[in-house]
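# Examination of the molecular architecture
Here's the letter readout for the chains.
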Amino acid sequence: MLHHTVPIGYSGCACHFKKGLDVLMTRNYLSCFLLSVLLATSQLASAIDSKESPNANPAYQQLRALLPTGSAYTVNNLGIRRGAGLFTLSRGSIVFYGEVNGKITGAIFRGQGHLHLAPPNAEERHNLAITTHSEQFDEDFDQAVLRFTDGTAAELRAASAGQTAADGSFADAATQLHTFLRTKLDENVDLRLLADVLSPSPGQYFMAALHGKKDHNLLFTLDPHGAPAVAPEQESLTNWTDGANTILTAFADGDANSATEAYRIDSEDLDTAIEKNGALTGQATLHLAALQDGLAVVPLSLYHTLRVSSVTTATGDKLNFVQGKKDEDADFGVVLAKPLSKGASVEIRIAYGGKDVVMDEGNSNYYPIARHSWYPNSSSDLGNYTTYHMKFHVPKGLQLIATGTKISESTEGKITTSEWKTDVPLAVVGFNLGQFKMKEGTLKSKSGYTLNVDAYANTQPPDEFSDAASHPGATPNGRLDQQFLEQAPTGSINTTSMLAVQLSQGEAAASIYTNYFGQLPFSTVALTQQFACNYGQSWPMLVYLPICGFLDPTQQHAFGLDPSDMYWKTVTPHEVAHQWWGQTVGFRSYRDQWMSEGFADASAALFLLATEHKPDNYLAYWKQNRLLLTQKNAMGFRPIDVGPVTMGFRLSSEKTGWGVYQNLVYPKGAYILHMIRMMMWSQRDGDAQFIAMMKDFVSTYKMKAATTEDFKSIVEKHMTSQMDLEHNHRMDWFFREYVYGTDLPAYHFESDVNTSGGNTSLHFKLIQSGVPQDFINAVPLYLELANGQLLKLGSIAVTGQATVDQTVALPHLPSPVKGAVINHFYDVLCTDN
């Protein structure tokens with residue numbers, strides 16, 4: 001899983017806007033363009049006149065300025081249990097924050113205390129052992145700043161053993177935490193507290209910021225809605241340093257798979273104007289429903305540079321909203337006129353605008369960087385699905401490609417307006433913008449299914465490429481690697497010459513994946529060039545491909561790139577695969593994201609197998625993936641040892657190395673699916689069983705968010721008898737070892753073939769090592785025939801650190817047997833044989 005302004009306008013037009021849309025005031029140029037767009041859309045025009053100030057809600061203002069006041073309460077030997085954490089306040093004093101809306105939301109403890117936390121599952125205990133060298137966490141502390149909406153205040157008051165005067169250190173502690181959260185963590189805890197303060201329902205939020213003796217900045221959070229800035233689960237413990245943060249442990253509180261959601265967005269209308277310099281202005285109309293009683297505040301994801309100017313209801317009534325400074329805790333939330341009961345719905349209209357959401361890279365190349373937050377949304381990764389209706393207004397001459405189906409497009413004056421809608425609910429929407437050349441492609445199946453695959457490349461290179469080509473050695477502006485640009489070739493850079501190659505790869509990948517996984521719920525997939533060189537991304541119906549993939553081999557060589565690198569062979573197939581994995585089938589939380597990335601990588605391997613005459617690159621791909629997993633990094637860790645794939649982004653840290661996520665989740669996730677495929681493969685039916693399983697998975701979870709356990713259930717539904725190693729028709733053994741575990745077996749294999757009296761037998765010895773005694777596996781055994789044919793004889797079941805020594809009679813075969821091998825197709829993830 002991780003960057004100029006070009007003015008246009010009407011001659012002789014002078015426009016002045018009052019401060020409201022980020023102080024737009026430019027003679028003859030940008031303001032004139034923006035005005036023409038705003039006048040073309042009444043909703044955006046009205047948004048200018050309804051500029052409101054954020055953070056005006058009285059309760060929020062109280063929370064923002066709140067400090068502990070009053071007497072200090074003495075406590076002795078008080079134990080507070082919150083989730084898996086036990087806070088023992090041995091002796092010391094407590095001062096409470098003042099009330100807001102009749103509720104106490106915090107307290108400061110100073111004295112001697114101790115935190116003990118025991119994670120509830122093996123994965124979290126393993127992670128804690130990696131980060132702290134212990135499977136349980138214990139820390140003494142001398143200060144705890146508590147923020148809460150649960151029953152903590154009553155619990156603390158009941159334990160009071162007397163009162164004393166409070167000194168200024170309590171208020172200082174509160175101020176320091178507020179500054180830390182605002183400027184370091186960039187999380188607006190006051191907005192989270194506001195949601196419970198204004199709700200008639202009981203609050204359940206608890207946070208403890210501890211000044212520890214060893215780990216000085218500890219943050220424990222228990223929240224039924226999760227803590228997005230830390231980990232999207234209910235309970236978490238994080239250690240913060242000046243350089244980085246380490247999530248020591250995080251898990252669901254109880255049996256829930258992930259944090260509960262307070263609302264859902266059923267539909268959203270977006271009206272968006274993009275200027276030639278990339279500045280974006282928009283109005284969003286959200287139709288949302290409460291998923292719990294007492295919904296008073298709606299937190300929304302919105303890029304930090306997009307400033308909200310107004311929030312209203314469907315009838316035009318103004319609503320309070322919260323939005324912090326763009327460089328601090330810029331969290332955005334809407335305060336409803338009154339709390340909603342579960343199932344009730346409301347319409348909210350939000351006007352916003354700002355810069356640095358879409359970067360102008362020159363020569364009509366644009367780089368949308370706020371891919372997920374250029375519009376207000378529920379910020380639940382790719383787990384929620386919403387229907388969208390969108391209008392875009394861009395300068396004439398530019399082409400906008402969006403997710404969804406284009407309804408109409410027209411040009412008036414210097415503005416081109418396009419209208420788009422989604423035919424099915426989508427997890428996210430996006431766009432690409434530029435001056436493109438396009439090639440069309442169409443896939444048609446015998447069943448009548450049609451998928452249009454189109455490829456787009458910018459007609460001119462961005463400024464940095466142009467400057468590098470014209471002036472080798474020129475210093476770039478920092479958005480592309482300097483060494484890369486200094487190796488740029490002289491002469492012109494042309495990315496349109498590779499359109500046919502990208503289209504061919506995209507069409508082939510879509511055809512292969514349709515056969516393996518089933519039909520997409522979309523009728524079109526657009527493959528578009530993006531400014532970034534070193535990554536791709538895939539939104540529904542819209543794929544962003546790296547610009548360097550549009551360079552021909554000669555140009556790639558000249559830029560210091562290796563055209564034979566496996567990345568360039570698989571980046572397009574990988575991103576096209578995300579139309580199935582991540583978009584058609586979503587993932588519920590970061591713990592399930594391994595399916596999205598791993599399945600896309602495994603799909604790219606199928607592309608290599610299906611499109612090349614020899615399996616050399618296919619086998620090299622799996623060998624390379626194994627190397628990524630088993631090669632130690634600069635921190636001394638093999639990625640496979642750091643944690644299971646279900647730890648997601650948390651695998652990367654200052655201690656383990658920041659590349660662990662990339663080098664574990666992608667290749668191991670791919671191996672997991674590859675291993676299942678190879679267990680299902682048969683000499684007679686090939687991939688038929690695997691294809692049936694994958695199509696069932698896609699059909700069952702189409703436009704839904706799937707969990708790891710959902711996938712496991714589908715695998716168990718289709719598993720073969722040879723996969724039932726524990727004789728319970730379950731795949732617990734496999735998921736325990738490879739999905740939720742970190743084991744990596746090693747194998748030693750030797751064999752000999754004996755022929756006597758016309759009968760042939762195979763004697764072999766297989767040794768499994770490097771695993772615990774309950775580790776069970778099925779190792780594939782292949783026969784090499786004299787005619788060059790390779791036949792799968794079966795699988796060898798082995799448990800623990802054991803040796804299987806066996807002789808088997810071979811059937812009559814079309815050619816003499818030369819020998820036997822295991823794991824020929826990298827069927828099993830293990831160390832090098």
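### Some thoughts on the overall build of the protein chain
Along the backbone of the protein chain there are 19 helices and 38 strands. Per-residue burial over the protein chain gives 57% buried out of 833 residues. Roughly 32900 Å² of accessible area belongs to the protein chain as shown, and the carbon and sulfur atoms make up 48% of that amount.

### Overview of the sheet that holds strand 23 (residues 405-412)
Pairing within the open sheet is mixed, and its seven strands lie in the order 15-18-13-12-21-24-23. The sheet is open, and its two edges are formed by strand 15 (307-313) and strand 23, each paired on a single side. When strand polarity is set aside, the average angle formed by the axes of neighbouring strands in this sheet is 15°. Pairing geometry for strand 12 (residues 263-274) and strand 13 (residues 280-290), over eleven bridges, is antiparallel.

### Regarding the state of the cysteines
Scanning the model with the defined rule gives one disulfide in all. Sulfur-sulfur distance for the disulfide between C533 and C548 comes to 2.0 Å. Since a negative S-S torsion denotes a left-handed disulfide, the C533-C548 link at about -120° is left-handed. You can see C533 sitting in the loop between strand 28 (524-530) and strand 29 (537-539) and its partner C548 sitting in the loop between strand 30 (542-546) and helix 11 (553-558), a full 15 residues away along the chain. Summarising the burial analysis for this pair, C533 and C548 share the class buried.

### Some words on the nonpolar core
Core analysis: the largest hydrophobic core is formed by 166 residues, its most contacted members being W374 and F711. For this core, the leading source of residues is helix 16 (residues 660-680), giving 13 residues. The residues contacting F711, other than those within four sequence positions of it, are W594, M595, F599, L673, I676, M693, M694, F697 and F735.

### Here we look at the packing of aromatic side chains
Going through the model one piece at a time under the given rule, you end up with 42 aromatic pairs. On the numbers, 6.2 Å between centres and 65° between planes, the contact of F206 with F220 is edge-to-face. Linking F206 in strand 8 (residues 206-212) with F220 in strand 9 (residues 218-222), this pair joins segments that are 14 residues apart in sequence. Assigned by exposure class, F206 and F220 land together as buried. Directly above the ring of F96 sits R157, whose terminal nitrogen or CZ lies 4.4 Å from the centroid.

### A word on the environment of K695
Within the secondary structure, K695 sits in helix 17 (residues 688-700). In sequence terms K695 and N515 are 180 residues apart; their C-alpha atoms lie 8.9 Å from each other. Leaving out residues up to four positions away in the same chain, K695 has contacts with T514, N515, Y516, F517 and G518.

### Observations regarding unusual backbone geometry
One non-glycine residue, N55, lies in the positive phi region at around 65°. As for its placement among the helices and strands, N55 is situated in the loop between helix 2 (42-49) and helix 3 (58-65). One non-glycine residue, N101, adopts positive backbone phi at about 55°. Structurally, N101 can be placed in the loop between strand 3 (99-100) and strand 4 (103-104).

### Some thoughts on the packing of helix 16 against helix 17
In the contact formed by helix 16 and helix 17, the axes pass within 7 Å of each other and the chain directions differ by 130°. It follows that helix 16 is oblique to helix 17 by the angle criterion. Here helix 16 contributes L673, I676, R677 and M680 to the contact with helix 17, which in turn contributes Q689, F690, M693 and M694. A class-by-class count of the residues in the contact of helix 16 with helix 17 yields six nonpolar, one polar and one charged.

### What about helix 19 (residues 732-739)?
Buried residues dominate helix 19, accounting for six of its eight residues. For helix 19, the complete set of buried residues consists of W733, F734, F735, E737, Y738 and V739. Contact partners of the buried residues in helix 19: helix 13 (593-611), helix 16, helix 18 (708-718) and strand 35 (776-785).

### A word on the sheet that holds strand 11 (residues 245-251)
Across the sheet, which stays open at both edges, the nine strands sit in the order 7-1-2-5-6-8-9-10-11 with antiparallel pairing between neighbours. If you trace the sheet from one side to the other, it starts and ends with strand 7 (163-164) and strand 11, each paired once. Relative to strand 6 (residues 137-148), strand 5 (residues 106-117) is paired through ten bridges, and the arrangement is antiparallel. The partner of L117 across the bridge, within strand 6, is F137. Strands in contact with helix 6 (residues 169-185) are strand 2 (85-96), strand 5, strand 6, strand 8, strand 9 and strand 10 (235-240); relative to strand 5, the strand with the most contacts, it is inclined by about 70°.

### Quick look at the pattern of salt bridges
It is possible for side chains of opposite charge to pair when their charged atoms get near one another. A full pass over the atoms with the stated rule returns 25 salt bridges. For the salt bridge of R736 with E726, the shortest nitrogen-to-oxygen distance reads 3.1 Å. On the criterion of sequence distance, the pair formed by R736 in helix 19 and E726 in the loop between helix 18 and helix 19 is long-range, its members being ten residues apart. Linking K765 and E750 is a salt bridge whose minimum nitrogen-to-oxygen distance equals 3.9 Å.

### Some thoughts on the pairing of strand 9
Burial analysis of strand 9 places five of its five residues in the buried class, the great majority of the element. In the sheet, strand 8 pairs with strand 9 via five bridges, with the strands oriented antiparallel. Paired with L210 across the bridge in strand 9 is L218. Two successive antiparallel strands, strand 8 and strand 9, enclose a turn made up of five residues. Judged from the five bridges that link them, strand 9 and strand 10 form a sheet pairing that is antiparallel. Note that in strand 10 the partner of L222 across the bridge is E235.

### Details of the pairing of strand 6
Regular strands place side chains that alternate from one sheet face to the opposite one. Most of strand 6 is tucked away: nine of the twelve residues are buried. Relative to strand 8, strand 6 runs antiparallel, the two sharing seven bridges. Of the residues in strand 8, the one forming a bridge with V145 is A209.

### Quick look at the confidence of the model for the protein chain
Any residue range with low pLDDT should be treated as having predicted coordinates unsuitable for detailed reading. On average, the protein chain scores 89 in pLDDT, and the residues at 70 or more come to 89%. Across residues 1-49, where pLDDT falls below 50, the model places 103 contacts with residues more than four positions away in sequence or in other chains. Low confidence marks residues 471-478, where pLDDT is under 50. Its contacts with residues over four positions away, or in another chain, come to twelve contacts.

Cut-offs used in this document
- Residues numbered from 1 in each chain as written.
- Predicted model: local features only at pLDDT ≥ 70, side-chain atom pairs only at ≥ 80, totals over all residues.
- Heavy atoms only, no water.
- Helix = DSSP H or I, 4+ residues; strand = E, 2+ residues; numbered from the N terminus.
- Buried < 20%, exposed > 50% of the residue type's maximum accessible area, 1.4 Å probe, protein only.
- Areas by Shrake-Rupley, 256 points an atom, 1.4 Å probe, with all protein chains shown as cover.
- Pairing = 2+ DSSP bridges.
- Axes fitted to C-alpha atoms, helices over the stretch in contact; angles between N-to-C directions.
- Disulfide = S-S within 2.5 Å.
- Core = buried A, V, L, I, M, F, W, Y, C linked by side-chain atoms within 4.5 Å.
- Contact = heavy atoms within 4.5 Å.
- Phe/Tyr/Trp six-rings, centres within 6.5 Å; stacked < 30°, edge-to-face > 60°.
- Lys NZ or Arg CZ within 6 Å of the ring centre and 35° of its normal.
- Parallel < 35°, antiparallel > 145°, perpendicular 65-115°, else oblique.
- Nonpolar A, V, L, I, M, F, W, Y, C, P; charged D, E, K, R; others polar.
- Salt bridge = Lys/Arg side-chain N within 4 Å of Asp/Glu carboxyl O.
- pLDDT = per-residue confidence, 0-100.

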